[in-house]
Amino acid sequence: MRQARDIPVLRVENLAISYETRYGDVQAVRDVSFEIQRGDAYSIVGESGCGKSTVAFGIVNFLGRNGKIVDGRILFQGRDLVGRSQEELRKLRGDRIAMVYQDPMQALNPTLRLGDQLSEVLIVHRGMARSEAEDRCVHMLEQVHMPDPANVMQRYPHQISGGQQQRVVIAMALLNDPALLIMDEPTTALDVTVEAAVLDLVAELQTKFDTAIMYISHNLGVVARVSDRVGVMYAGTMVERASVSDIYLHPSHPYTLGLMHCVPKLGMDKSSSYLYPIRGRVPSPKNLPPGCIFEPRCDFARKICQEERPSIREVEPGHWSRCHFAEQVLAGELQPLAHLLPNLEARERSGEASKLVLNVEGARTYYDAPSTKLIGGEKQFVKAVDDVSFSIRKGQTLGIVGESGCGKSTLVKTIIGLEKPTAGTFEFMGVDISTPVSSRDLDLIKNLQMVFQNPDSTLNPSYSVGAQIARPLRRFKTVPRNDVRDEVVRLLNMMRLGENYYDRLPRQLSGGEKQRVGIARAIAGRPELVMCDEPVSALDVSVQAAVLNLLLEVQNEMGTTMAFIAHDLSVVRFFCDTIAVMYLGQIVEIGPAEAIYAPPYHPYTEALLSAVPIPDPRVEQKHIRLMGGVPSALHPPSGCRFHTRCPRRSLLPDGGAICETTVPPWQQVTEEHRIFCHIPLEELYKLEAVITIDVEEESHVG
Amino acid sequence: MSVAETTPSKTSEAPAGTQRKWWEPLTLIFRSGVGTVGLVIIVFWVLVAILAPLIAPYSPLAQDSTAINQPPSAQYLLGTDNMGRDMLSRLIYGSRTILLLAPISVFCSVAVGTFLGLLGGYFGGLIDEVVMRILDAIMAFPTILLYLIIIAALGPSALNVVLAITFVGAPGVARLVRSLTLDIRTRDYIRAAETRGENPFYIMFFEILPNARGPIIIDSMLRVGYAIFSIGTLGFLGLGLPPPTPDWGGMISEARKYIWTSPLGVLWPALAISSLVVALNLFADGLREESTRYQ
Amino acid sequence: MARYILRRLSFMVLTMLIVSIAVFLITEAAPGDVARHILGQFASEAQVELMREQMGLTQPLYVRYFDWLAGNDWRHSRLVDMPLTFVQLEGQQEPQWYAVAEDGTLRQWRMEGGELTEIRVSLDGARERVPFDNWQLDENGEEIFWGVDTAGHVVLWRRGGAAVDTGAAAAGRTMTESSGEQYLPLRRGLLRGDPGISTRTGRPVGPTLVRRLRNSLTLAAIAFAFIMPIALVMGLAAGLREASLLDRSISIFSLVTTSVPEFASGVFLILIFAFWLKVLPGAAIFVSDIAPWQDPKLLVLPVLTLTLVEVGYVTRMARASMIEVVNAPYIRTAFLKGLPYWRIVTKHAIRNALIAPITVIMLHVNWLVGGIVVVESVFGYPGLGMYLLDSALFKDVNAIEAGAMIMVTVAVGTQLIADVIYTFLNPRIRYK
């Protein structure tokens, strides 16, 4: 796209990195090659443990005591970095090659002022005087759109927000105008709207500084947004590399293809489409299959795939693939097997569908805020949930979306009885449930169960899988004592795990398997309502699909009602019938899934939708960015809580003066769809759709 | 840095389900050189204590008025003390005293501390506040002072030594268990147990405690070492077991008066107690190093 | 910050108050009668009873606690109907209690040969003895008098009724007489710096305690000055190069030295340096009451013993903290910024590595105190620890209580200091 393409900024050839472990050397990265031109953004995408971060740390030779580069070359501006002395590399690091990392809070030294941490880069590499260096830093902070940069220089990391911390880290990386900027999952720890703003910044800086960017991410949507070219990594090696549009629209490796089909695209829903999970798990680097490393999981695998390991080759100009049958996959000539499709036959919705299972009105959950005064002082509250009303009908799924701190988890905990509500009516099947779980009767407890977010903590590490699923069976007396084991096995089979999992301990399971056991445990007592708290957000994308499909099957077979918390809007769209959007403890919009994704929008919904990274380079998204951070729930803004950040206030007379003083009305769009906003519906109808997808071209596989 | 997180076995049909044996964690210790040294010394002293009646040449209390403060000889391998008692026999029997009292007192303090720590950590709020304030107040005392006061008040006896060590040790255990509990109780499996409506004591003892056992066991090992240290100190200060019970600390205290005439009298018990405490600490440290590396 | 310190201070006062009650209760609860303990097995029941009364042990517990804490002269002066004062006059070894007459002269009373005598001490120190004739009438019309005796009691005398039981009076050291009908021992209270009379020596605890404390603090301060720099340097160096030969050596060295009890390592050092090499003086040297710094050689072995035992603990804390810091993502950041190694160590690592263990290290002062008791005992060093140990073995209640309060004050005080330093070093707390 730019001039001077002759020497790439970075050229990696056949890179192999291994770690010494107790069990001998383990090759974490094998045969990775790619190059990045000046001004280009190159993305490496892959699931956790695929070796993408190892590649990045290999480039800067930060592999720890036990890691080493065993093969290949890393040419930076034409010169090989492998085998150079630490001192030479040190002079490159932070100067010619800079890096931005995942968790900005962790990446900054908590005990030094930001100004010191920024300016030392210039002082060390450029020998600049302190005052000059500080001026440069302030200037750079302005470039990354940091409000009040001079003041920020005097602050400590914990005094600014996560998004601002990431801006500081980016500014730090850019101070010496590096030739190569490596970004390792820079937005993974951030909220969607903050992530969108940081990604905008990356794109802006890419053009402004003409830097080569190496972008590492697991998120296909983010990669689609930031990069020009993409390399897909799987189990330590690169399986495909091509331009963004080729990767997303014409993948030639079955793994890439699988990745594209296992994430729900925004607009897909469960009644009209399926998710195709990739079966099995990633092989361990010390136990690779002899043939193609993807063969055990590949739906296209032939005999040759088991015997011969393919090398990466150019399938068409600029499109490289490590598959024996790349051309056929590209041409769509090979068909995947369909044996993993979810069993969604028994779906039955008639009759009972109108019955209310859960009805919540005026729910409030406040936490006592610790008083800062020695004695006395007014009692303060964190209003985690403040005046929330909704209901769920039998067999339906309610999705609750919102950014971190919006109160969605507190709401669910209140319903399940782990938090004490401050006010409001909570009715479950006509029974009052505003009591804590300890004073509920067993039948009620049995009917309200929960699936948790973190696969690593959802199971008790000390007990076997079977024992943990059996516990609720025994407690709720779902089946007679003697049948408990059979019932556990039945549930394991239902989760596609099999009886041999009965005696395993959690540490012997993969993340997806743990999550499935968690689901089995939750549904063991055959509950009426299952609360799912981000059940797939901690899983790799290829595993997410399998878990979502299982939840769908459970719902179909048992007619379970569900509440589903998520921050991923495409997952919610796919999975839920009704969606509630929460902001600062309140629901701002609630309605049928499809209605939420089309105008009229609440301005916050609109902003969220425009921020979602979408794994499809053809998608056009409107550019709406929120200013500032989420206000404190201790002192929420008056009137409409969103008024401090609302980009649509100008639609109202006086620039929306009313928003600051008056609580907005609930405007009824349809019987089921309500919006909590002052702006008249007619105006909201006029808003353009945020996301425009060329549906005609959308290629459904199956 | 990312190799560790890759999953251990390839496919579900692989024999990943083979259970680890209960003793397998114990073999960890042999990976640590110093840990093994510690274990060997501990086993040596435990054997000495068990076999004391068989290997001791004399009764620990038998006095030989013709041989007072004698240097080592063929008759008395390590010499005699100021009352003409055989040093070797007293040393051998002294290991019994110390190896019996130390584990008992550690067990008591771990039991009390674990219970209080679970209680405070799981319930939080006022219970935690009250329990922790009291424990903090106890911990504000220099330990030696607590020993002095308790023994001064209750008088020296085996039971009171156990009581004193329990009282002094329990707050430390409680703090450890509390911090472990505070961590573990945020895990989702505790939420799951709560949403099943489990009894708080079930959650504390069956959901939380099994997952805290590793650090508690290692801490207990260190505590046994420290308990021996303390019992020796109490004996040395004259606050331990009343004479004539053979007690290493007391033996040093007695022999110290004759250090200028028979210096070896203090050397043997000092070496004995040092070797045992050092061994226990090496063992506990080796165990901790290896178990953290293993995770 | 100021508010935080104020809050911590008030907590400290509260803790001390609770501790004082606890110490008082525990020592009071000790089985065995203190009076009997002092008088010995052969004293008669009457003697013990008299002793108990003169020591104030017949009073209710809470009264004794408040007397112990805050004194009781202000209460008892109403009985005497004169202000009471506690002064040391020229030519006297220790201060004594007197009543102050209206003309400013000091008064004491004493039964001499069956007659009550008034001792008048004028402002210029002159003493004169005057037969007493100022009896007052009680409700029953009998002649009584509340006065101050020469042993620090407020005493009720009754005219004529004063039967002198010389048998009882001869039994105890501290008992000067038994002519009074009622004895109320006078105390100024711990808060006013008076820990009372030692039952072991019969002399006030205060002056001895001050001298002993001075000696102990000298020892502790010198040891601390050795321990801290050595331990921190070793710990940080080991942590910087985890698993290196240096680290292994330091770790094992610190583990072994910490594990050897003070009395054992003290004995080893005496044997090596005093007995075999004969380069340093060994045990039981402090026979005269000279200050320890007047002969620095005497301090070498005690300080060495303390250092050996304590250095390992601090080393291990510093090492663990440094290892954690070295593996922290912000150190990776500093590395990837291309900073030179020593800049990373000095600017980014050391400060963070020192923050975490500082509270734990300061908590270790408790252990240092314990070590001092043992070390003093090993070397016969005349410090607070020895004094406390001797008092504990003798059940010298006043001395134990006072010594314990001093030790706890030191311990709680260092924790307060540690917390303040921690807050100061850690901006996450400082700028909340």
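Just so you know, these numbers come straight off a predicted model, no measurement behind them. (Residues numbered from 1 in each chain as written. Chains lettered and ligands numbered in written order. Predicted model: local features only at pLDDT ≥ 70, side-chain atom pairs only at ≥ 80, totals over all residues. Heavy atoms only, no water.)

Participant: So what exactly am I meant to see when it comes to the domain arrangement of chain A here?
Facilitator: The extent of an interface is frequently quoted as the accessible surface area lost upon association of the parts. Residues and elements named next belong to chain A. The domain boundaries assigned to chain A delineate domain 1 (1–96 + 176–343), domain 2 (352–583) and domain 3 (590–693). Centre-to-centre separation of domain 1 and domain 2, based on C-alpha positions: 35 Å. Across the contact, 26 residues belong to domain 1 and 28 residues belong to domain 2. Overall, the association of domain 1 and domain 2 removes approximately 2200 Å² of surface from exposure, summing both partners, and the carbon and sulfur fraction of that is 53%. (Domains from an automatic or database assignment. Contact = heavy atoms within 4.5 Å. Buried area = accessible area lost by both parts, 1.4 Å probe.)

Participant: Help me understand the packing of aromatic side chains, please; the structure alone is not making it clear to me.
Facilitator: For any pair of aromatic rings, the description rests on two quantities: the centre-to-centre distance and the angle between the ring planes. The full count for this structure, using the stated rule, is 28 aromatic pairs over all chains. By the ring-pair criterion, three or more aromatic residues cluster together here, those being C:Phe24, C:Tyr65, C:Phe66 and C:Trp68. Of note, A:Arg302 hangs over the ring of A:Phe325, and the distance from its end group to the ring centre comes to 5.9 Å. Here the guanidinium or amino end of A:Arg485 rests over the ring plane of A:Tyr502, the centre of that ring lying 3.8 Å away. (Phe/Tyr/Trp six-rings, centres within 6.5 Å; stacked < 30°, edge-to-face > 60°. Lys NZ or Arg CZ within 6 Å of the ring centre and 35° of its normal.)

Participant: Could you clarify how one ought to interpret the interface of chain C and chain B in this entry?
Facilitator: Across the boundary between the two partners, chain C contributes 48 residues, which contact 42 residues of chain B. Overall, the association of chain C and chain B removes approximately 3900 Å² of surface from exposure, summing both partners, and the carbon and sulfur fraction of that is 79%. On the chain C side of the interface with chain B, the three residues burying the most area are C:Ser259, C:Phe263 and C:Phe275, jointly 15% of the side's total. Where chain C meets chain B, there are 1 salt bridge. For B:Asp285, the salt bridge goes to C:Arg316, with nearest N and O atoms at 2.6 Å. (Salt bridge = Lys/Arg side-chain N within 4 Å of Asp/Glu carboxyl O.)

Participant: Looking at this model, I keep getting lost on the side chain of C:Thr414. Mind explaining?
Facilitator: Residue and element names in this part refer to chain C. Position of Thr414 relative to the elements: it lies in helix H15 (residues 397–425). The exposure class assigned to Thr414 is buried, which follows from its relative accessible area of 15%. Of note is the side chain of Thr414, whose polar atom sits 2.8 Å from the backbone oxygen of Val410. Those residues in contact with Thr414, other than ones at most four positions away along the chain, are Met362 and Val365. (Helix = DSSP H or I, 4+ residues; strand = E, 2+ residues; numbered from the N terminus. Buried < 20%, exposed > 50% of the residue type's maximum accessible area, 1.4 Å probe, protein only. Polar contact = N/O pair within 3.5 Å; in protein donor to acceptor, adjacent residues only side chain to side chain.)

Participant: What am I meant to see in the environment of A:Arg313 here?
Facilitator: Residues and elements named next belong to chain A. With respect to the helices and strands, the residue Arg313 is situated in strand E11 (residues 313–316). Among the residues examined, Arg313 registers a relative accessible area of 27% and is labelled partly exposed. Considered as a pair, Arg313 and Gln37 are 276 residues apart in the sequence and their alpha carbons are 20 Å apart. Aside from chain neighbours lying at most four places away, what touches Arg313 is His319, Trp320, Ser321, Cys323, His324, Phe325, Ala326 and Glu327. One polar contact links the side chain of Arg313 to the main-chain carbonyl oxygen of His324, over a distance of 3.3 Å.

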